[in-house]
Amino acid sequence: MCPTMLLTIGLALGATVAATATAADSALDLAPAADTFVEAGPQATWDHGLADHLTVDHSPADVTYLKFDLSAVAAPVTRATLTLSCTDGSSDGGTVYPVADSRWPEGTHKGGTSNSANGPGLKWADLDTNGDGTLDAADASSFLPDVAQPLAALGSVVAGLPVTVDVTAAFQGGPGLYTLAIASTSANDATYASRESATASQRPRLHLELGALATTTTTTTPSSPPPTDTTTTTPPATLPPPSAGRDPFSVRPMVLQAASGPLKGTGENLTCFKKHGPAHPMEVGRIHISMPGEGGHHVILFRPHPGPIQWPPKLCPLTLNWDQWELIAQTQHPETDWKLPPGVAIRVSRRQPLLVQTHYVRGKHPKTPHAMTKTKLYPVDPATVTAHAGALFLNDRSMVVPPHSRLTEVNRCTITGEGGQAREVKLLGITGHYHFRGQGFDAYRVHTDGSLGELLYHYEGFDQPNFQQFSDPPVLHPGEGIEWRCHYQNNTDKTFTYGPDASTQEHCILFGAYYPTATVQEAINCTHDKDSAGHDVSTVAIIPGE
């Protein structure tokens, strides 16, 4: 929300006089939070997220994407310039356009070979939804460049020289994520260094010139003569409380940083960091997790179940006790941006204990000796919240993968409840998890008669399963449930059973989120296991939360 909107809302909430305080202008340089390019033709399904270059072309079509994170920039942007370093010149370096949706994933592949088709990053096929080889209004993707609003033309570009263009118009929406796309009508391709370039000075840069940060001051007009001084100053990012007893609503995100640990050498780092919630209760409408650097496996945000808290050590065990900790959000991708539907939020209590766990696999030649992850919690106005989101955790503890086998573990859980306790559950998102014998993960609706409904989630491969966000949440009706399946290929002489050690054990877990909840911090845990007679048993536990 931009400062002018803060002023307007402050007046609407009852201030009778408003004044403006100015701060000194400043400047800021930002590197992209993500960048990639997509290419038509044979590479339409290729992921170029980790390529060290960005290509702009027309034959075959190449479109470059750059994402910038201005979430912490509260001051108005008076000027924004984009600088790129050209590594292959062209008479037409492309035209810069805004992109409305910045939730696209950067990806984990470099292009160059067909193996990049397995990557999770943004691809041409994601944009060209009708498959006609062009990007136009007939395509349904929200990641299309807005060609009706050209921002700047790069013109002729020369290899070895930087090029700078003014893109101020793209950054006028206040704090948040922004995406720029660069496309060209020339068959002579232009190439620029990406944020993965080995030469730091050649990486893309966004230079921001910031104006004065306005603050609001309020005075009350009394019926009797005013006292000597009735002016109070409200911090720029906080709305004044509209009524007694209501906590102020802050528009700035809460940022939880957590390090990867050293990335040199071999082995793995699993690190746990103690955190706490904000000074006031927060209704969270968006969670953005960044996991930079090489070797990132996951970042998870937890809060404790009711009862005594048992903090794990900083060098934490391979897994937490799921009977004590509730997952709020997690990512197995370098960037995950989860926006909840309007009116739905996750409640974080005042100073609530939180835990961030990072998991990195060390490499022999990492680009950086360590990495710093960021989990950003974006608040929404409590007055707009009509329902709360809960965490969904479905765990198969009975799974067995025999030697030299290819099999599928199948599990079911009636997460809506049974009998008179059953209720409607709307799914916000799903992701799957297993270790490296896993080859695929599926989740289906289960009808009340036990028959399978539609496929809710599908992923092939081991690394970085997608977090499927539902823009139109599927509704599970009372008595319905979820069936989740893990497909395995075991080429060894070992038998793998349930457990956290990736080298000797396996997992078959569904993480998810749902709404509405019966309590503001509710969670649903379901455990699939076998009883003493060897029969399959699924146990559902409703965790009320703090």
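In case you missed it, the structure is sitting above this.
The paragraphs below set out a description of the structure included in this document. Worth saying up front: this structure is predicted, and the values here are computed from it rather than measured.

What counts, and at which threshold
In this numbering scheme, every chain counts its residues from 1 along its sequence in written order. Local features are withheld for residues below a pLDDT of 70 in this predicted model, meaning they are given only at 70 or higher, and side-chain atom pairs are given and counted only at 80 or more; totals for whole chains, interfaces and linings count all residues. Hydrogens and waters are ignored; side-chain quantities use all the structure's heavy atoms. Helical segments are the DSSP runs of H or I of at least four residues, strand segments are the runs of E of at least two, and each set is numbered from the N terminus. Only protein chains enter the accessibility calculation, which uses a 1.4 Å probe. A residue is then buried if its area is under 20% of the maximum for its type, exposed if over 50%, and partly exposed in between. In this description, contact between two residues means that some pair of their heavy atoms is separated by no more than 4.5 Å. The Shrake-Rupley method, run with a 1.4 Å probe, gives the accessible areas here. Residue values count only the displayed protein chains as cover. Disulfide assignment relies on a single distance test, namely cysteine sulfur atoms paired within 2.5 Å. Polar contact is the term for a pair of N or O atoms within 3.5 Å; when the atoms are in protein, one must be able to donate a hydrogen and the other to accept it, and sequence-neighboring residues count only if both atoms are side-chain atoms. Two strands are counted as paired when DSSP detects at least two bridges linking them. For helices, the fitted line uses only the C-alpha atoms of the stretch in contact; every axis is such a line through C-alpha atoms, and the angle between N-to-C directions lies from 0 to 180 degrees. A pair of aromatic rings is counted whenever rings of Phe, Tyr or Trp (Trp by its six-membered ring) have centres within 6.5 Å, and the orientation is called stacked for planes under 30 degrees apart, edge-to-face for over 60 and tilted otherwise.

What follows covers the overall build of the protein chain. Within the protein chain, the secondary structure is distributed over two helices and 38 strands. Every one of the 546 residues in the protein chain was classed for burial, and the buried ones make up 50%. When contacts within the protein chain are restricted to residue pairs at least 6 apart in sequence, those whose partners lie at least 24 apart make up 80%. Carbon together with sulfur atoms contributes 54% to the accessible area of the protein chain, which is approximately 23800 Å² in total.

Our next topic: the state of the cysteines. By the definition in use, this model includes three disulfides. Disulfide pairing is shown between cysteine 413 and cysteine 526; the S-S distance is 2.2 Å. The chirality of the disulfide connecting cysteine 413 with cysteine 526 is right-handed, given an S-S dihedral of about 120°. In this pair, cysteine 413 is assigned in strand E27 (residues 405-413) and cysteine 526 in strand E37 (residues 523-530), connecting sequence segments 113 residues apart. By relative accessible area, which is 4% here, cysteine 413 ends up buried. Linked covalently through their sulfurs, cysteine 486 and cysteine 508 form a disulfide whose S-S length is 2.0 Å. Note on the cysteine 486 and cysteine 508 pair: the S-S dihedral is about 95°, so by sign convention the disulfide is right-handed. Of this pair, cysteine 486 sits in strand E33 (residues 481-490) while cysteine 508 sits in the loop between strand E35 (505-506) and strand E36 (509-515), placing them 22 residues apart in sequence. Judged by relative accessible area, which is 0%, cysteine 486 ranks as buried. Taken in sequence order, the bonded cysteines of the protein chain link in the pattern 1-2, 3-6, 4-5.

With that settled, consider the side chain of threonine 517. Its place among the elements puts threonine 517 in the loop between E36 and E37. Among the polar contacts made by the side chain of threonine 517, one reaches the main-chain carbonyl oxygen of threonine 519 at a distance of 2.6 Å. Apart from the residues within four sequence positions on either side, threonine 517 is in contact with His388, Ala389, Gly390, Arg423 and Glu522.

Now for the pairing of E33. In terms of burial, E33 is largely enclosed, as seven of its ten residues are buried. As paired strands, E27 and E33 are joined by nine bridges and run antiparallel to one another. Looking at E33, one finds that arginine 412 is bridged to glutamate 483. The pairing of strand E29 (residues 438-446) with E33 spans eight bridges and is antiparallel. Looking at E33, one finds that glycine 440 is bridged to histidine 487.

In this section: the sheet that holds E29. Read from one edge to the other, the open sheet built from four strands follows the order E27-E33-E29-E30, with strand pairing classed as antiparallel. Of all the strands in the sheet, just E27 and strand E30 (452-460) have a single pairing partner and so form its edges. On average, each strand axis in the sheet is tilted by 20° relative to the strand beside it, whichever way the strands run. Judged from the six bridges that link them, E29 and E30 form a sheet pairing that is antiparallel. If you follow aspartate 442 over to E30, its bridge partner there is histidine 458.

So, about the sheet that holds strand E34 (residues 496-498). Taken together, the three strands give an open sheet; going across it, the order is E26-E34-E35, and neighbouring strands pair in mixed fashion. Where the open sheet ends on each side, the last strands, each with one partner, are strand E26 (400-401) and E35. When E34 meets E35, the two strands line up parallel, connected through two bridges. Looking at E35, one finds that tyrosine 498 is bridged to glutamate 506.

This structure, assessed with the given rule, holds ten aromatic pairs. For the pair tyrosine 65 and tryptophan 104, a centre-to-centre distance of 5.8 Å together with 65° between the ring planes defines the contact as edge-to-face. One end of the pair, tyrosine 65, is in strand E5 (residues 61-69); the other, tryptophan 104, is in the loop between strand E7 (95-99) and helix H2 (124-127), and 39 residues separate them in sequence. Each of the two residues, tyrosine 65 as well as tryptophan 104, counts as buried. Arranged with centres 6.4 Å apart and planes meeting at 85°, the rings of phenylalanine 436 and phenylalanine 462 form a pair that is edge-to-face. You can see phenylalanine 436 sitting in the loop between strand E28 (425-433) and E29 and its partner phenylalanine 462 sitting in the loop between E30 and strand E31 (468-469), a full 26 residues away along the chain.

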